[in-house]
Amino acid sequence: MRAELMIAHRHIIRRWKQNMLVLVSITLGVSAVITVLSVTNGFQADLTERILGLTSHLVVVPLDGPTFSDPDQVIHDTLQIPGVVGAAPGIFTQGLISFGRATKSAQIRGIVPQAELTISPALGKLLAGDIGELRSGRVLLGKGVADWLGTTVGDWVWITFPSRQTQAFEVAALFDSGVAQYDSSFSYLCLEDIQQLYKSPEAVGEIRVQLADPFQAEPIANQLRNTSGEIDTITWRELNRNLFDALVLEKRVFALVLSLMLVVAGFGIANVLGMHVLQRQRDIAILSTMGLSLRRIRHAFVLQGVCLGVLGALVGCALGLILSGAIDTFGLPLPGDLYPVDQVPVEVRLTDVIFALLGGIGVSVIASYFPARRISATMPAEVLRRG
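Please read all numbers here as calculations on a predicted model, not as lab measurements.

Among the surface-exposed residues, M20, V24, L28, M261, L319 and L323 lie close enough to one another that they form a single nonpolar patch of about 470 Å² accessible area. Put simply, the parts of the chain that give the nonpolar patch at least two residues each are α2 (16-54) and α12 (294-330). With three residues, α2 is the single largest residue contributor to the nonpolar patch. Secondary-structure assignment places M20 in helix α2. Residue M20 is classed as partly exposed on the basis of its relative accessible area, which comes to 40%.

Within the fold, D183 resides in helix α6 (residues 180-183). Every residue in contact with D183, bar those within four places of it in the chain, is listed here: G142, K143, G144, V145, F175, D176, S177 and G178.

This part covers the side chain of Q44. Position of Q44 among the secondary structure elements: in helix α2. Classification of Q44 as buried rests on a relative accessible area of 12%. Once you skip the residues sitting within four places of it in the chain, Q44 turns out to touch L247, V248, K251 and R349.

The rules we used
- Residues numbered from 1 in each chain as written.
- Predicted model: local features only at pLDDT ≥ 70, side-chain atom pairs only at ≥ 80, totals over all residues.
- Heavy atoms only, no water.
- Patch = residues over 30% accessible without salt bridge, like charges linked within 9 Å, V, L, I, M, F, W, Y side chains within 5 Å.
- Areas by Shrake-Rupley, 256 points an atom, 1.4 Å probe, with all protein chains shown as cover.
- Salt bridge = Lys/Arg side-chain N within 4 Å of Asp/Glu carboxyl O.
- Helix = DSSP H or I, 4+ residues; strand = E, 2+ residues; numbered from the N terminus.
- Buried < 20%, exposed > 50% of the residue type's maximum accessible area, 1.4 Å probe, protein only.
- Contact = heavy atoms within 4.5 Å.

In structure tokens form, the structure reads like this:
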């Protein structure tokens with residue numbers, strides 16, 4: 001093995017310019033993968049935080065019928081489960097909101113304002129108005145809904161419900177969660193207004209649950225379903241399945257596209273080693289006649305590519321982590337009118353670093369193997385006879 005390492009080392013040193021280009025290409029490829037995936041993770045984490053700030057971690061709904069037969073008992077049973085920190089009753093419906101000549105369809109949720117603050121912290125930080133102003137006869141609109149209608153706090157809007165009843169409500173406040181999907185489709189009324197609409201003062205159609213750890217929503221949902229055969233549960237991941245599936249697909253596409261940079265670097269390694277094999281035919285023949293097997297000579301050329309790949313991948317990992325840290329520390333500003341955050345968020349994950357590192361090394365190994373295989377076809381006697 002010592003002879004193979006010596007040969008690989010001499011080839012790297014003697015042709016350092018070509019090898020340096022290969023090293024730089026691998027370094028840039030690995031660093032780009034880590035940096036871009038870290039930024040993608042940052043946007044996903046920020047979006048998840050915003051969604052969890054506006055929606056409940058878990059929703060308990062009646063299995064039969066639109067409302068619970070005994071909502072107080074369901075809330076009591078829910079709060080007894082370890083990991084549950086809050087529960088708030090509500091009713092979900094839809095309606096058409098009108099202001100002047102503008103009309104907007106919206107998903108309307110009847111809530112108890114003070115109880116809802118424990119479930120949706122984002123409602124405590126409103127764009128205009130105050131959650132304490134939400135009472136009977138008033139409505140809380142999302143920013144997107146308000147912009148569409150051209151209304152603001154203090155205006156009166158008309159809401160037409162599925163039962164064809166139409167009532168006027170004063171705009172008490174506006175919320176801006178930073179998630180357009182919610183801001184342009186959600187509005188909130190007091191629970192008692194919806195109960196009057198249903199002509200049932202005790203009607204509760206859903207119980208929204210806050211958890212100490214939102215990522216434990218699935219096991220807690222299973223526990224809740226086991227407590228009663230009359231309820232079903234919906235987790236926050238299920239509520240936003242399409243959105244999170246799209247984010248996962250986006251990250252995979254980014255990873256695939258950026259991995260092509262590593263493939264291009266692999267072609268560079270294959271090209272350099274292929275030229276070495278062609279130019280060193282006589283040297284290979286001499287080494288073979290001196291007793292070094294063609295298999296060991298082949299290993300020497302593979303080691304050359306592997307050394308370049310390992311070194312480039314390690315330097316690329318370091319550079320990618322430095323770039324990600326710099327973006328996170330010093331910030332990369334974003335236009336506030338296009339993005340809900342004022343600078344690029346970053347979240348480095350170990351799995352992404354390992355993926356980029358192994359990708360760089362793997363490409364170099366594969367790219368080194370095929371040119372080195374040509375050594376097996378070398379006929380030392382024939383090469384030396386031709387001079």
